[in-house]
Amino acid sequence: MERKNVSAVHYLLLVPGVGFILLFIGSSIFLTVTQSVGLFSITGKSQFTLENWNIVFHEKESLDSILFSMKMGLLSSIGTLLFAFPVALFLRKGGSGKRFLASLIKIPLFIPALVAAFLIINLISFHGIINETLMALHIIKSPLRMLNDKFGWGVVAIQVWKNIPFVLLILSGSLASIRDDTVDAARNLGAGAFSILFRIYIPLAMPAILVSMILMFIKAFGDFAITSVAGPTYPPSIALRMRNTATMFQQWDKAAVLGVIIILTTLFVTWIYSRLAEFVTGGE
Amino acid sequence: MSKLTLKNLTKRFDSVAAVDHVSLEVDEGEFVTLLGPSGCGKTTTLRTIAGFYQPDEGEVLFNDRLMNNVPPAKRNTAMCFQSYALFPHMNVWDNIAFGLKMRKIPTDEQKKRVGDALDMLSLTGMGLRKPGQLSGGQQQRVALARAIVTQPDILLFDEPLSNLDAKLRVQVRVEIKEMQKRLGITSIYVTHDQDEALAISDRIVVMNQGEIEQVGDPQSIYLHPRTSFVAGFIGLANILDGKILARDGEKVELETPFGKLRALAGGFPAKVGEAVKFSFRPENLNLYKDGDINRIEGTILHAIFMGDATDLFIDVKGSRLRARAGSTARFNAGDVVEFGLGEAAFQFLE
């Protein structure tokens, strides 16, 4: 095969994109990692130390934040999937109102996370629309705590609402690519609706399911905006704690440790999901 | 095994009748092909038998049991799709065993049946492969194995060979025919390929615009087409208009655009003076030899060497006809040649 000659000018095209990544993203990750071990410190003496790592892993507040963020990441990704998958299945075949529903459900995609959080607050706050309605209907006597609740259900609710359209886009594409003949073959061979869902739709959409769960987990695990508005007063999310540690307590090196934990966790979760994807798709 | 009966079957999409009052009886173990051009309603008929479509009118009966409202999963039919429709995430073994699992057949029985099906279709040793790792012919055999392993009452084939190359198509259609005869399963086969239909079927149902044009065994469909559509669709045919000049029992004298011809009308009830439409096959219009009843002089327009014969396009007094000559004969455009046509070659059309 003839190899194309690539001139040096051709490589110049890479400079803006790759240069930006190296300069701003690469260098900031490098600095975060080095500061977490005491190097290039901006608040103290620069020398290699694992003291900040030691502190974070022996500090209850930090561990609570890590666990809380993991919980939010996991529940938000599962919750979004549970809501989005049936809608994606409906949109695959359609019916009356398909286009209207598809448009309606994309609205949250155009609303920033912080604005979304404030919108949902109107619904789920102590004197929000839901509580007032339930009390007016005499279903409850006193308002339910749905916002800033200790468990974080309010955060999960906003994450699910905000991210359904995003996950729906991924799932719809995947489900649309399943041929009608494949589903008809299963029906013809004796499969009912339940078997078709669990033996055909879900396994064939599994790569998309895993990708949407990875992306949802990463978004919710590292979330700052939604938990700062709707999350519990304690524990804060890991991103919120990182911000507080750096700007309120001026402990930049310790904040760097939390930053590295966020990066490593997302990398680890991505690795786990990709292994899982390989397992369920047989490496294809 | 089931007997299949369609009574006045009608299926409409919006206001268009894709299948229009079709009635048909298929005996137990019979291999019937629905043949016709795209859009003639053959696949819609098949999918209605499978239960994927609900008929708007009429009845689908398996052994006299009304199936109109029985869902596809409960009909005990098995379909081979044009696209094979194998489950891409399952290996060959799991694909074939799928129908057995759905029917909750015990695992030992599943193993035996899948193993037998793999052997029968020369797929031994391929059980662990994914469909994407198989050739088109192998995929079609897996689809066949998946269909027969459930021991269906009726096997349904939706143009199963159309994605295969010409040689493989011939090979797999022989395999399908042998397998069907061995198992004796009632089979409905949909195709637009007349060669395939002639080679594989016990009976052929020729369909056009949602209706049945003619039903018969391959020989009678080919040799005795009843309508212009069937004559033109099955094989090659010269279809012409003429007038009966004289009739003596079966023997008639015809006036045609290129002169008088003598023909046998069989049981066709045409009277003297009546305008008729008739056809004859190119293979019956050969180079003239002594004893031929009809002598036709034509000018060669094109001669196409086909290997076993030479296909001729000729002009006979302004009528364009197809004729056939041996493979050793040589022709040039413009040659004037005499052709002979036997009186039994004529087929009168409704």
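Note that the structure is a prediction, hence the values are computed from the model and not measured. (Residues numbered from 1 in each chain as written. Chains lettered and ligands numbered in written order. Predicted model: local features only at pLDDT ≥ 70, side-chain atom pairs only at ≥ 80, totals over all residues. Heavy atoms only, no water.)

### Quick word on the overall build of chain A
Thought 1: Secondary structure assignment for chain A yields 13 helices and zero strands.
Thought 2: From first element to last, N terminus to C terminus, chain A shows the α and β order α-α-α-α-α-α-α-α-α-α-α-α-α.
Thought 3: Principal-axis analysis of the C-alpha atoms gives chain A an extent of 80 × 70 × 35 Å.
Thought 4: Residues counted as buried form 43% of the 284 residues belonging to chain A.
Thought 5: Carbon and sulfur atoms form 71% of the exposed surface of chain A, whose accessible area is close to 16,200 Å². (Helix = DSSP H or I, 4+ residues; strand = E, 2+ residues; numbered from the N terminus. Buried < 20%, exposed > 50% of the residue type's maximum accessible area, 1.4 Å probe, protein only. Areas by Shrake-Rupley, 256 points an atom, 1.4 Å probe, with all protein chains shown as cover.)

### Some words on the side chain of Ser-201 of chain B
Residues and elements named next belong to chain B.
Thought 1: Inspection of the secondary structure puts Ser-201 in the loop between helix H6 (194-200) and strand E9 (203-208).
Thought 2: Classification of Ser-201 as buried rests on a relative accessible area of 8%.
Thought 3: In this structure the side chain of Ser-201 is engaged in a polar contact, spanning 2.5 Å, whose partner is the side chain of Thr-33.
Thought 4: Those residues in contact with Ser-201, other than ones at most four positions away along the chain, are Phe-31, Thr-33, Lys-177 and Pro-218. (Polar contact = N/O pair within 3.5 Å; in protein donor to acceptor, adjacent residues only side chain to side chain. Contact = heavy atoms within 4.5 Å.)

### Quick look at the interface of chain A and chain B
Thought 1: Taken together, the 19 residues of chain A in the interface contact 25 residues of chain B.
Thought 2: Around 1,800 Å² of area is buried between chain A and chain B when both sides are counted, 60% of it from carbon and sulfur atoms.
Thought 3: It is Asn-188, Leu-189 and Arg-199 of chain A in chain A that bury the most area against chain B; as a group they hold 38% of the surface buried on that side.
Thought 4: Summed over the shared surface of chain A and chain B, the result is one salt bridge.
Thought 5: Between Arg-47 of chain B and Asp-184 of chain A there is a salt bridge, with its nearest N and O atoms 2.4 Å apart.
Thought 6: Mapped by element, the contributors of at least two residues to the side of chain A that touches chain B are helix H9 (180-188) and helix H10 (193-221) of chain A. (Buried area = accessible area lost by both parts, 1.4 Å probe. Salt bridge = Lys/Arg side-chain N within 4 Å of Asp/Glu carboxyl O.)

### Focus on the confidence of the model for chain A
Thought 1: For chain A, per-residue confidence averages 87 on the pLDDT scale, and 96% of positions sit at 70 or higher.
Thought 2: Highest mean pLDDT in chain A belongs to H9 of chain A (95); lowest belongs to helix H5 (residues 98-104) of chain A (78). (pLDDT = per-residue confidence, 0-100.)

### Regarding helix H8 (residues 153-176) of chain A
What sets the pattern is the α-helix's 3.6 residues per turn: residues three or four places apart point alike.
Thought 1: Between its terminal C-alpha atoms H8 of chain A stretches 32 Å, which fits the 34 Å expected from 24 residues at 1.5 Å a residue.
Thought 2: At Asn-163 of chain A, H8 of chain A shows its largest bend, some 45°, and a proline, Pro-165 of chain A, comes one to four positions later. (Expected span 1.5 Å × (residues − 1). Bend = angle between axes of the 7 residues up to and from the residue.)

### Topic: the packing of aromatic side chains
Residues and elements named next belong to chain B.
Thought 1: Going through the model one piece at a time under the given rule, you end up with 18 aromatic pairs over all chains.
Thought 2: Judged by centre distance (5.4 Å) and plane angle (40°), the ring pair of Phe-157 and Tyr-189 falls under tilted. One end of the pair, Phe-157, is in strand E7 (residues 154-158); the other, Tyr-189, is in strand E8 (residues 186-191), and 32 residues separate them in sequence.
Thought 3: An aromatic cluster is defined as three or more aromatic residues linked by ring pairs; in this entry it consists of Phe-268, Phe-278, Phe-280, Phe-346 and Phe-348.
Thought 4: A cation over an aromatic ring shows up here: Arg-146 above the ring of Phe-87, its NZ or CZ 4.7 Å from the ring centre. (Phe/Tyr/Trp six-rings, centres within 6.5 Å; stacked < 30°, edge-to-face > 60°. Lys NZ or Arg CZ within 6 Å of the ring centre and 35° of its normal.)

### Thoughts on a nonpolar patch on the surface
Thought 1: A surface patch of nonpolar side chains, amounting to about 660 Å² of accessible area, comprises Phe-20, Ile-21, Leu-23, Phe-24, Ile-25, Ile-29 and Val-33 of chain A.
Thought 2: The topology assignment puts Phe-24 of chain A in helix H2 (residues 15-36). (Patch = residues over 30% accessible without salt bridge, like charges linked within 9 Å, V, L, I, M, F, W, Y side chains within 5 Å.)

### Concerning the packing of helix H4 (residues 60-93) of chain A against H8 of chain A
Residues and elements named next belong to chain A.
Thought 1: Between H4 and H8, whose axes approach to 6 Å, the crossing angle comes to 45°. As the angle between them shows, H4 and H8 are arranged oblique. For the pair H4 and H8, the sense of crossing is right-handed.
Thought 2: Among the residues forming the contact of H4 with H8, the class breakdown is 20 nonpolar, six polar and one charged. (Axes fitted to C-alpha atoms, helices over the stretch in contact; angles between N-to-C directions. Parallel < 35°, antiparallel > 145°, perpendicular 65-115°, else oblique. Left-handed = near helix turned anticlockwise from the far one by under 90°. Nonpolar A, V, L, I, M, F, W, Y, C, P; charged D, E, K, R; others polar.)

### What to know about the packing of helix H2 (residues 92-102) of chain B against helix H3 (residues 107-120) of chain B
The geometry of a pair of packed helices is captured by two quantities: the angle between their axes and the separation between those axes.
Residues and elements named next belong to chain B.
Thought 1: Between H2 and H3, whose axes approach to 10 Å, the crossing angle comes to 130°. Considering the angle they form, H2 stands oblique to H3. Crossing of H2 against H3: the hand is right-handed. On H3, the residues touching Val-92, Trp-93, Ile-96, Ala-97, Leu-100 and Lys-101 of H2 are Gln-110, Lys-111, Arg-113, Val-114, Gly-115, Ala-117 and Leu-118.
Thought 2: Looking at side-chain class alone, the contact of H2 with H3 contains eight nonpolar, two polar and three charged residues.

### A word on the sheet that holds E8 of chain B
All names here are of chain B.
Thought 1: Spatially, the six strands line up as an open sheet ordered E6-E7-E8-E3-E9-E10, and their pairing is mixed. Each having just a single partner strand, strand E6 (77-80) and strand E10 (211-216) make up the two edges of the open sheet. With direction set aside, neighbouring strand axes in the sheet form an average angle of 20°.
Thought 2: Where helix H1 (residues 42-50) meets the sheet, it contacts strand E3 (31-35), E6, E7, E8 and E9, and its direction lies at approximately 145° from that of E7.
Thought 3: Across the sheet, helix H4 (residues 136-148) touches E6 and E7, and the angle it forms with E6 is around 175°. (Pairing = 2+ DSSP bridges.)

### Things to note about the sheet that holds strand E1 (residues 4-13) of chain B
Strand pairs in the sheet, formed through backbone hydrogen bonds, run parallel or antiparallel to each other.
Residues and elements named next belong to chain B.
Thought 1: Here four strands make up an open sheet; going across it, the order is E2-E1-E4-E5 and the pairing antiparallel. The open sheet has two edge strands with one neighbour each: strand E2 (16-26) and strand E5 (65-66).
Thought 2: The pairing of E1 with E2 spans seven bridges and is classified as antiparallel. Residue pairing in the sheet places Phe-13 in a bridge with Val-16 of E2.

### Re the nonpolar core
Thought 1: Ranked by size, the top nonpolar core spans 93 residues in total, and within it Leu-171, Ile-200 and Ile-209 of chain A together with Leu-4, Phe-98 and Ile-188 of chain B carry the most contacts.
Thought 2: Among the elements that take part in this core, H10 of chain A stands out by supplying 15 residues, more than any other.
Thought 3: Setting aside residues up to four positions removed in sequence, Leu-4 of chain B forms contacts with Leu-24, Glu-25, Val-26, Ile-49, Val-60, Leu-61, Phe-62, Ile-154 and Ile-188 of chain B.
Thought 4: Within the second largest apolar cluster, 34 residues are counted, among which are Tyr-84, Leu-155, Leu-161 and Tyr-189 of chain B. (Core = buried A, V, L, I, M, F, W, Y, C linked by side-chain atoms within 4.5 Å.)

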